[in-house]
Amino acid sequence: MPHLQPFDPSILKWCEQTSSLTLPLPDHFRYEQNLGYLSRSTNECLFHVDNLAIYKLLPFGDNHVLIAVNSEDNSRLSIQLIHSLNGTLTPSIREDVARYVWEWFDLGTELTPFYELAKRDPLLKQVTQNFYGLRLMGIPDLFEAMSWGIIGQQINLTFAYTLKRRLVEAFGTRLDWEGRTYWAFPTPERIAELTPDALTTLQFTGKKAEYLIGVAKLMAEGLLVKEELLRRNDFVDIEKELLSIRGIGPWTANYVLMRCLRNPAAFPLADVGLHNALKHVLGLEQKPTIPHIRQLAEGWNGWEAYATFYLWRELY
């Protein structure tokens, strides 16, 4: 099983003159691979890539902080804190920013065992060479991850990005800074107040509108909390909890387990993108069956999430 290193604030370096944090990077990290993944959609609304830097507006309670992330040498990640909506950049806020980026880039996972596994796997060997240094880029905010999973159900990726943009621009937090607009994802409290027609006017289906508002209400009422899910430390138990939520099926549950809860054994078996990627990599005329996928994945034990993410990267 993968070794996950918890975030340690003592590794941070703060430069007052440049208002920037520095995070040391683990082995098997290539900034350009992760930048390439983040740059794949021109319709992404929650961050902006410009001149090799990634700009993102991060929410922390009643504050929002605009950051720019970059790495010049794959040994350090630079995080510039550009602007705070309430004007404060306390040590606590700086630590929150670093923790978010640490989780976003999955910097705590030791990838050596995965690459060793991939060398012996005929399916993963070439894929991991193609994208060496890619991390399983996450969605640290549970509500955003749940929402993106619901939005993406049974539609193509292009339309999913369009729906997300409409949701964010209608109900998210906006910052206009030096000629560009930055957005943060809506809070569950904001979405919990809505009626389904507020979302169906954005072209959400009635069911998806109900699912999204239902999840928002659970989170706003404290009945669904990321930290409590993580404390369980049991894949089956967490998956069962997610599956008990209306509108959350096995695909969405495993997507959230992959991208937010960071469970390396998460495996969205029914994912169309995974099927298409396997068809492409294997040179098949038809998409593989579920039994065939299970057979292909027999050697991925404990690394199913990373294997899936790398295979997705072949297409997206």
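Shown above is the structure to which this text applies.
Residues numbered from 1 in each chain as written. Predicted model: local features only at pLDDT ≥ 70, side-chain atom pairs only at ≥ 80, totals over all residues. Heavy atoms only, no water.

Caption draft 1: Summary view of the packing of aromatic side chains. Counted by the stated rule, this structure contains 21 aromatic pairs. Ring plane angle 55° and centroid distance 6.1 Å describe the contact between Phe47 and Trp104, whose orientation is recorded as tilted. One end of the pair, Phe47, is in strand 4 (residues 47-50); the other, Trp104, is in helix 2 (residues 91-104), and 57 residues separate them in sequence. In this pair, the class of Phe47 matches that of Trp104, namely buried. Their ring planes at 20° and their centres at 5.4 Å tell us that Trp251 and Tyr255 sit as a pair that is stacked. Residue Trp251 and its partner Tyr255 are both found in helix 12 (residues 250-259); the two are separated by 4 residues, about one turn of the helix. (Phe/Tyr/Trp six-rings, centres within 6.5 Å; stacked < 30°, edge-to-face > 60°. Helix = DSSP H or I, 4+ residues; strand = E, 2+ residues; numbered from the N terminus. Buried < 20%, exposed > 50% of the residue type's maximum accessible area, 1.4 Å probe, protein only.)

Caption draft 2: Spotlight on the nonpolar core. Counting 102 residues, the largest nonpolar core has Val97, Trp104, Phe105, Leu199 and Leu242 as its most contacted members. Apart from the residues lying within four places of it in its own chain, the contact partners of Val97 are Leu21, Leu58, Phe60, Val65, Ile67, Ile79 and Leu81. (Core = buried A, V, L, I, M, F, W, Y, C linked by side-chain atoms within 4.5 Å. Contact = heavy atoms within 4.5 Å.)

Caption draft 3: View of the packing of helix 5 (residues 142-151) against helix 9 (residues 206-220). Relative orientation of the contacting elements helix 5 and helix 9 amounts to 165°, with a least axis distance of 10 Å. By the angle between their directions, the pair helix 5 and helix 9 is classed as roughly antiparallel. The handedness of the crossing between helix 5 and helix 9 is right-handed. Contact with helix 5, carried on its side by Leu142, Phe143, Met146, Ser147, Ile150 and Ile151, involves Lys208, Tyr211, Leu212, Val215, Ala216 and Met219 of helix 9 and no other residues of that element. (Axes fitted to C-alpha atoms, helices over the stretch in contact; angles between N-to-C directions. Parallel < 35°, antiparallel > 145°, perpendicular 65-115°, else oblique. Left-handed = near helix turned anticlockwise from the far one by under 90°.)

Caption draft 4: Expanded view of the sheet that holds strand 7 (residues 76-84). Judged by pairing direction, the sheet is antiparallel, and its 6 strands sit side by side in the order 2-3-7-6-5-4 without closing on themselves. Two strands bound the open sheet, and with one partner strand each, they are strand 2 (13-15) and strand 4. Adjacent strand axes in the sheet meet at a mean angle of 25°, parallel and antiparallel pairs treated alike. Contacts from helix 1 (residues 31-38) reach strand 4, strand 5 (53-60), strand 6 (63-70) and strand 7 within the one sheet, and its direction differs from that of strand 5 by about 70°. Across the sheet, helix 2 is in contact with strand 2, strand 3 (20-24), strand 4, strand 5, strand 6 and strand 7; its angle to strand 5 comes to roughly 120°. (Pairing = 2+ DSSP bridges.)

Caption draft 5: Focus on the side chain of Thr252. Structurally, Thr252 is set in helix 12. When its relative accessible area of 2% is taken as the criterion, Thr252 is described as buried. Here the side chain of Thr252 touches Gln153 through a polar contact of 2.9 Å, side chain to side chain. (Polar contact = N/O pair within 3.5 Å; in protein donor to acceptor, adjacent residues only side chain to side chain.)

Caption draft 6: Looking closely at helix 12. With respect to burial, helix 12 is a largely interior element, 8 of its 10 residues being buried. Inspection of helix 12 places Thr252, Ala253, Asn254, Tyr255, Val256, Leu257, Met258 and Arg259 among the buried residues, and these make up the whole buried set. On its buried side, helix 12 packs onto helix 1, helix 5, helix 11 (235-243) and helix 15 (304-313).

Caption draft 7: Spatial organisation of the pairing of strand 5. Most of strand 5 sits out of view: 6 of its 8 residues are buried. Across 4 bridges, strand 4 lies against strand 5 in antiparallel orientation. From the neighbouring strand, Phe47 faces strand 5, where its bridge partner is Lys56. Hairpin remark: strand 4 followed by strand 5, antiparallel, with 2 residues in the connecting loop; positive phi at Asn51, about 55°. Of the strand pairs in this sheet, strand 5 and strand 6 are connected by 7 bridges, and their pairing is antiparallel. Looking at strand 6, one finds that Lys56 is bridged to Ile67. Hairpin connection of strand 5 to strand 6: 2 residues between the antiparallel strands, including Gly61 at a positive phi of 60°.

Caption draft 8: A look at unusual backbone geometry. We note that Gln154 has phi near 60°; this positive angle belongs to a residue other than glycine. Within the element layout of this structure, Gln154 appears in the loop between helix 5 and helix 6 (157-171). Residue class for Gln154 comes out exposed when judged on its relative accessible area of 85%. Phi angles above zero are rare outside glycine, and Glu178 is one such case at about 50°.

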